[in-house]
Amino acid sequence: MRILALATVLLALCGCSAKADYQAAKTATDNFHQQMAAANYAAIYDVTNSGFRANTSRETLIGFLKRINRKLGPCGEASQQGFNVNYNTGGAFVTLSYSRKCAKAELEEQFVWQIEGGKALLFRYNADSPVLLTD
């Protein structure tokens, strides 16, 4: 009986944590979109985690984000397509998928946020649109 009570408490705590982590990631994604619209690319790099920074320079990310804005034009509201909250030995991760209608084409985005101390840090960003493949 004690084990069942303990398991119930742990599941309840995980549920609360998952909701808070999801909300932190959703807020961070909204901020990402606001920074993209304002062409404030450096602010996006400033909320990446150390693993992202070890693999992607500031200049590389800024160049990629500029290309997205240049090729797609202004984008409308993001429509969330799915999410996943995952806890493993590497930490807490929230994945959010979005679709956006932009002036020149559609954009599919996937964000993976690592939650550290209640704050969402960008772990991975994927942008997919056929117009990104051409010059």
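See the structure above.
Keep in mind the model is a prediction, meaning the values are calculated, not measured.

A. Quick look at the overall build of the protein chain. Looking only at helices and strands, the protein chain features 4 helices and 4 strands. Element order for the protein chain, N to C, with α for helix and β for strand: α-α-α-α-β-β-β-β. The 135 residues of the protein chain split such that 35% are buried. In the protein chain, the proportion of contacts linking residues at least 24 apart, taken out of those at least 6 apart, comes to 49%. Surface summary for the protein chain: the accessible area is close to 8,000 Å², and the carbon and sulfur share equals 58%.

B. Here's a closer look at the pattern of salt bridges. Tallied over the full model, the rule gives 3 salt bridges. Asp30 serves as the salt-bridge partner of Lys26, at 3.9 Å between the closest nitrogen and oxygen. On the criterion of helical spacing, the pair formed by Lys26 and Asp30 is a turn pair, its members being 4 residues apart in helix α1 (residues 2-37). Across the salt bridge formed by Glu106 and Lys101, the nearest N and O atoms sit 3.0 Å from each other.

C. Local environment of the environment of Cys75. Within the element layout of this structure, Cys75 appears in strand β1 (residues 75-88). Given the relative accessible area of 27%, Cys75 is considered partly exposed. For Cys75 and Ala37, which are 38 residues apart along the polypeptide, the C-alpha to C-alpha distance reads 7.8 Å. When near neighbours in sequence (up to four residues on either side) are disregarded, Cys75 contacts Arg100, Lys101 and Cys102.

D. Local environment of the pairing of β1. Summarising the sheet, β1 and strand β2 (residues 91-102) pair through 11 bridges and their orientation is antiparallel. When the sheet's bridge partners are listed, Asn86 is paired in β2 with Phe93. From the end of β1 to the start of β2, which pair antiparallel, there are 2 residues.

E. Examining the nonpolar core more closely. Membership of the largest hydrophobic core comes to 30 residues, with the highest contact counts inside it found for Phe32, Leu65, Ile68, Leu107, Trp113, Leu122 and Tyr125. Secondary-structure elements contributing two or more residues to this core are α1, α2 (41-45), α4 (58-72), β2, β3 (106-116) and β4 (119-128). Look past the residues within four positions of Ile68 in its chain and what remains in contact with it is Met36, Gly73, Leu107, Tyr125, Ala127 and Leu132.

F. Structural context of the pairing of β4. Relative to β4, β3 is paired through 9 bridges, and the arrangement is antiparallel. Looking at β4, one finds that Gln110 is bridged to Asn126. Where β3 folds back on β4, the antiparallel hairpin that results is connected by 2 residues, among which Gly117 adopts a positive phi of roughly 60 degrees.

Rules behind the numbers
Residues numbered from 1 in each chain as written. Predicted model: local features only at pLDDT ≥ 70, side-chain atom pairs only at ≥ 80, totals over all residues. Heavy atoms only, no water. Helix = DSSP H or I, 4+ residues; strand = E, 2+ residues; numbered from the N terminus. Buried < 20%, exposed > 50% of the residue type's maximum accessible area, 1.4 Å probe, protein only. Contact = heavy atoms within 4.5 Å. Areas by Shrake-Rupley, 256 points an atom, 1.4 Å probe, with all protein chains shown as cover. Salt bridge = Lys/Arg side-chain N within 4 Å of Asp/Glu carboxyl O. Pairing = 2+ DSSP bridges. Core = buried A, V, L, I, M, F, W, Y, C linked by side-chain atoms within 4.5 Å.

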